[in-house]
Structures are given as C-alpha cells and as structure tokens.
Amino acid sequence: MDKFVIRGGNPLLGTVRVSGAKNAALPAMAASILTEEPVILENIPDVRDIQTTRKLLEAMGGEVELGYGRAHHRTTLCMKNLVSPEASYDLVKTMRASTLVLGPLVARSGRARVSLPGGCAIGARPIDLHIKGLEQLGAKIAVEHGYVEASAERLQGGEVVFDRITVTGTEDLMMAAALADGETLMQNCAREPEVADLAALLNKMGARIEGAGTPTIRIKGVSRLKGAKHRIIPDRIEAGTFIVAGALTGGDLIIAGCEPRHLTFIKKLEEVGVKVKHDVDSVRVMGDGPLKGCDMVTEEFPGFPTDMQAQFMALATQAEGSSIITENIFENRFMHAGELVRMGANIKIEGRRAIVRGKTPLSAAAVLASDLRASASLVLAGLVADGETIIDRVYHIDRGYERIEEKLRAVGARMKRIGEMLPKRPALVGS
Ligand code: EPZ
C-alpha cells in the first residue's frame, strides 16, 4: 500500500491549482443515467472515486470515456444501453456515494437494485431518507439481503420534506423527480454548492428545477431528458485544505481556479488569524501572523463544513490557546485526533467535542489514515512536524485529492509517495 513520506518545515510558496469537485462530479456522473444521450462533463477530478463510478456505470451497460492528454479532465458518458439497473455490494462498499444511482435508475428504468452501503469510518450513515423520499414519489421499496429493491412504473410528483438535511439525499431525489409525472416540492433541502451545480446540469438536460441552493426546491417533471455538456465546479474542500497548508507552514500561497463564494469557512479561519485575500477565481493565503485558538461547530452549508473539520483540527494544534471543535454532522469523525496526538498534539475527545490545546510543536511519526479528510489533516501536520512523517493507507486520500503530493511538492513541500506509484494516464497523442 502506498505511503507518503513528508519532511516538515518548508513554507509553501507559489500557486497551486484546485481540481474539479469530487462531490459535484459523482452526482453529475449518476445523472447520465437519466438520458439515452451522451453527457459530457468537464473539470472532472482524476481521483479514485471517479474510477469507481465509471466501473459502476459500465457494470450497468454504460459507456464511460475518461479523457486523456489535453482532454484529461473531460468525461463522456452514455447510458443508452442500460441493461442492468444494479449497483453491486462490491462497488458500493468501496464508495457510499454509489447510492446516488438509486433515484436515477428508478426514474429511468422503473426499477433498481442497489446495495445498502453499510457502516463507514465516520458514522452509521443510513440512507433511510433517500428511501423515504422515493416512497413519497410512489416507488415500491423492499430491503432484502443487503439490497434496496425499488420499482415504479413511473414516479409521481409529490411533496418531500427531509427529516434532516442530507446532501446526497437531496441530489438523489432531485434526479428522481426530474423524470416524475407532475410537480415535486422538496423542503429542508441541502444548500451545498454541489446541489446547485447538479441542478444546473439537469436543467441543461431539459429538467425544470427551481430553487436549488435554497432549502426549498421545486421540480416540474418531464417525460424525457437529453444529453448536455457541463463544467463541474471547483473543489471547495481541496481549496480549504490548501489554505490551511499555506497558513500552517507560514507560506505565501495562491490557490487558483477556486470559487471564493463557496469558501464560506474562510471567516472562521480568519478568526484563528489566517490572512486571506480574495480574487475573482483565486485566493491568496499569507501565513505570517500568530494563530490563536478558536471554537468551531460543524454545520450544513453555509456553515463550517464537516469535510474541513479535520484540517481545522490540525490548524488548531498550532494556535495559541484552546479550541473546542464540535462535530454535529457525523457521530464518529475524530479518528485523526489519535494520530495527531501521536505527533505531539494535545487533544481530548468528549463525545462530539474535541478540545485542542495549543500551540504544541509536532514531531514526525508513523501515522495511519482512516478516511479521506482525516488523511488530509495528517498531511497538514506532516508539513509542520519536526522530522519525517510516514502516512500509511494513503489510498484514502487518493479517493478525493488529485495527486496531492505532486501539487504540494510544486510549491515547496518535501513530500513523496512510496509504494507502487499511481498509474499515470498515457498521454495519447492528439486526444
Ligand atoms: C455528503 O455525504 C458528502 N459526500 C460528504 O463528503 C459530506 O461529509 C456530507 O455530505 C456532509 O456535508 C458526497 O457528496 C459524495 P449527508 P452524504 O446525507 O450525502 C444522516 C467527503 O469527505 N443521514 O448530508 O452521505 C447522515 O448519517 C465526504 O468528501 C441519515 O440519517 O451526507 C449524517 O449524519 C464524506 N439518513 C447526516 O445525515 C439519510 O438517509 C448528513 O449526511 C441520509 C443522511
């Protein structure tokens, strides 16, 4: 298994470019199920979850062409031959977002067989709200042998009120309702930018969706959707990770190709003392000031994202004073804390709260990544630790960060990957 080796201490200087958002690309690829025509997606990140989604769609009979060379971040999908509306356990267990195919499959082919995702490192993460929503649109659902079996001659427009805000739940139901008979009103929806980006794609495909990005979404169902071309939004969490990297290392970093409007967490980082300058499609972070402890609570968008919580914890270890971090979204998302403590951090966990006392010098150690964002916080800690940190199981980080070691090395990090190298996509001449 690949490992990262990081020698800490270098300030990061220069420009790092953000890739497309994994959490916008995955639902956009699932949306291709809703039409027989080709869907062309640009700015698709070259990360492992995209490969998994390609396998998922190809197993159904789809054609997925991941771009090469100049078209490296373009993906063309065609689900004309949807022969098997099924998502197998083998694939779903590697990526829970596979459940995003449930709504589109029922809407397009009248039936779906999708494996339940099972537990996850950061929490139980049930999909009961997806199932309840589809039943409110008239689907018949049975859960047997670890699979959700759903069927409907044609989904019916209706009213869906989410008991709690769910990002992929909102996306799944929005896709299903796009082909339903009649109008659907969805309330208490997720407002994440990825939801609005999906609605933008669906509307290009001929859907009639209003209100995405707000708590109330109205969808007038249509009988057929067409192909479309769409550019995926930049990854706000990757941008946030790099902002923290610049601040932690005392660097001067431009994070290019991001959407500053989506970076709602910057206010909290500024409270800690991180200096950030906004520009049209980039932000500049100057890590020369003192950092001070500050409390933070994770919330749904536009609140502080849970996907930035681990990175914030790494930052808090280098801030003077204490920071109380409250994780409200997932019940078990402090796996990184124990590893940061191994590096010398002072962190105490009390249920959903983590109390970080700083500033504590970090010393390099061998640490273990447990999930995607936890591994990002270990990379950040390794960048400031004294000595050589070795991070094991970096396959977690490859799921959502495109060649992070190359991007960070290009701005001065002493970081390398050991183990079998990630397969490089052949640069086909003229593609
Ligand atoms: C999305 O997951 C993201 N994944 C997650 O990013 C992110 O952490 C999460 O939203 C919250 O922002 C993708 O977009 C692919 P939820 P999702 O449904 O949709 C509970 C990353 O690091 N819930 O909004 O699965 C659930 O257990 C990943 O990139 C139910 O109880 O999250 C959680 O406590 C990790 N029943 C809360 O709601 C349901 O049916 C919010 O989960 C659905 C959710």
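Worth saying up front: this structure is predicted, and the values here are computed from it rather than measured.

Asker: Looking at this structure, I do not really get the side chain of Glu 405. What am I missing?
Answerer: Relative to the assigned elements, Glu 405 resides in helix H14 (residues 404–409). Judged by relative accessible area, Glu 405 falls into the buried class, the value being 4%. The residues touching Glu 405, leaving out its near neighbours within four places in the chain, are Phe 4, Met 415 and Arg 417.

Asker: Help me understand the nonpolar core, please; the structure alone is not making it clear to me.
Answerer: Nonpolar side chains in soluble globular proteins tend to be buried together. Counting residues in each nonpolar core, the largest one holds 74 residues, and the members touching the most others are Leu 34, Met 60, Val 101, Leu 155, Met 174, Met 186 and Leu 202. Among residues more than four places away in sequence, those in contact with Met 186 are Val 160, Phe 162, Thr 170, Leu 173, Met 174, Pro 215, Thr 216, Ile 217 and Ile 219. Of all hydrophobic cores here, the second largest spans 66 residues; its members include Ile 237, Phe 242, Ala 381 and Ile 397.

Asker: Teacher, can you tell me more about the site of the ligand here?
Answerer: Within the structure, the ligand sits among 21 residues, and Asp 128, Thr 166, Thr 168, Asp 307 and Ile 329 are positioned closest to it. Residue Asp 128 places a side-chain N or O atom 2.6 Å away from a nitrogen atom belonging to the ligand. A distance of 2.8 Å separates an oxygen atom of the ligand from a polar atom in the backbone of Val 167. When the ligand is considered free in solution it has 830 Å² of accessible area, and contact with the protein chains removes 89% of it. If you list the elements that add at least two residues to the shell around the ligand, you get helix H1 (22–31), helix H5 (128–136), helix H6 (167–178) and helix H12 (372–384). Examining the composition of the shell around the ligand, we find that three residues originate from one element, H5, more than from any other. Each residue belonging to the shell around the ligand can be placed in one class, and the counts come to nine nonpolar, five polar and seven charged.

Parameters at a glance
Residues numbered from 1 in each chain as written. Predicted model: local features only at pLDDT ≥ 70, side-chain atom pairs only at ≥ 80, totals over all residues. Heavy atoms only, no water. Helix = DSSP H or I, 4+ residues; strand = E, 2+ residues; numbered from the N terminus. Buried < 20%, exposed > 50% of the residue type's maximum accessible area, 1.4 Å probe, protein only. Contact = heavy atoms within 4.5 Å. Core = buried A, V, L, I, M, F, W, Y, C linked by side-chain atoms within 4.5 Å. Near = heavy atom within 4 Å. Polar contact = N/O pair within 3.5 Å; in protein donor to acceptor, adjacent residues only side chain to side chain. Areas by Shrake-Rupley, 256 points an atom, 1.4 Å probe, with all protein chains shown as cover. Nonpolar A, V, L, I, M, F, W, Y, C, P; charged D, E, K, R; others polar.

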